[in-house]
Amino acid sequence: MAALNLSDARRLVIKIGSALLVDRQTGALRADWLHGLARDVARIKARGTDVVLVSSGSIALGRSVLTLGNGQLSLEQSQAAAAVGQIRLARAYEEALDPHDIRTAQVLLTLEDSADRRRYLNTRNTLGTLLNLGVVPIVNENDTVATDEIRYGDNDRLAANVAAMAGADQLVLLSDVDGFYSANPTTDPGASFFPVIDMITPEIEAMAGDAGSGLSKGGMKTKLMAARTATAAGCAMAIAEGSVMEPLRAMETGARATWFTATQDPQTARKHWIAAMKPRGTVTLDAGAVAALARGKSLLPAGVTTVTGSFRRGDPVTLAGPDGLRLGLGLTRYTAQEAAAIAGHRSSEIEEILGYPGRAALIHRDDMAL
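Residues numbered from 1 in each chain as written. Predicted model: local features only at pLDDT ≥ 70, side-chain atom pairs only at ≥ 80, totals over all residues. Heavy atoms only, no water.

Enquirer: Can you help me understand the sheet that holds strand E5 (residues 170-175) in this one?
Expert: Strands pair in a sheet through their backbones, by hydrogen bonds, and they do so in one of two ways: parallel or antiparallel. Ordered in space as E3-E4-E2-E1-E5-E9-E10-E8, the eight strands form an open sheet in which the pairing is mixed. Strand pairing shows two members of the sheet lacking a second neighbour, strand E3 (104-109) and strand E8 (196-197), which therefore form its edges. Sheet topology note: the strand E9 (residues 236-241)/strand E10 (residues 257-260) ladder contains four bridges and is antiparallel. Among the inter-strand pairings, Ala238 is bridged to a residue of E10, identified as Trp259. Packing against the sheet, helix H10 (residues 220-232) makes contact with E5, E9 and E10, and its axis sits at approximately 150° to E9. (Pairing = 2+ DSSP bridges. Helix = DSSP H or I, 4+ residues; strand = E, 2+ residues; numbered from the N terminus. Contact = heavy atoms within 4.5 Å. Axes fitted to C-alpha atoms, helices over the stretch in contact; angles between N-to-C directions.)

As structure tokens, then:
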């Protein structure tokens, strides 16, 4: 079970809601609050934890710049506001984290990017590389093009998908509520608080309401959906009140929050996810490659003898030994045609064979279930 303590996180995803980042009355960035969050991030990174930020706020910032008022925006106005606000949002995080010598990167995603396996792998590889380089990715929903996401405001679920893609073991949703209650605590003084939820039962789902602030669109139901996604991926998730200065320090010093527990670690959860897929083809390995996989290595093209089936990059394929026996499943980084062309060749020859540089591994060890 994942530890319910931020100090134990190896890879932490933090979701920031619009109402925390942007002043509801003026539409201006809450710079002091953001600098407090930056101090939180710097402290957490200093103890060796990877950090990813998933931030709302581009539309809220953009509508202020474009003087669009506080009323309901049309889809086109929302997209225009997002286009203007995304620049300001990324710059605000860069300026807040730069004094702590933390480099940032902007990553624009939609929920579709986690549904398509090829885009999923691209995103996972990009996030992994950025984190290995010590960068804090600032992930924002690509509201400029993601029409459904603008209408429904699913940054909570986006954060959970990012946590799954990044292999995070903890996710914190910073919001305008301090956890999960049996009813809305602002209207029901008798509402019960849940410090820990081990299973999202129908009874828990029935307690969730849709109330949200004027700037944030997600309600408790979207947070429960996020919790389902995160915990299934081996990532514990917390709902915490984030308006205080340095909200993560507040959590660590006893501030109220609700934790949803995960029953397995992210890597195990990912292996189970891959193992349940239907293969689209088969790659047969030589004895040397089989031995390398047993030592926890990735599959290189040089160890492949034959390729069968029709598959795209990101599709699951069966891994078979020289005797044809099934070893497991893996997500391929090449199409069937590309894999057949580079089979038996060294990774250094890939560019010459395909005409463009490729990835050294045909299937990375993190993308296998043996």
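Enquirer: Got a minute to help me understand the pairing of strand E4 (residues 136-141) in this structure?
Expert: Within a regular strand, side chains alternate between the sheet's two faces. Counted residue by residue, E4 has six buried out of six residues, so it is predominantly covered. What you see with E4 is no split at all: Val136, Ile138 and Asn140 on one side and Pro137, Val139 and Glu141 on the other are buried throughout. In terms of strand pairing, strand E2 (residues 50-55) meets E4 through two bridges, oriented parallel. Looking at E4, one finds that Leu53 is bridged to Ile138. In this sheet, E4 lies alongside E3 in parallel orientation, the contact comprising six bridges. From the neighbouring strand, Ala105 faces E4, where its bridge partner is Pro137. (Buried < 20%, exposed > 50% of the residue type's maximum accessible area, 1.4 Å probe, protein only.)

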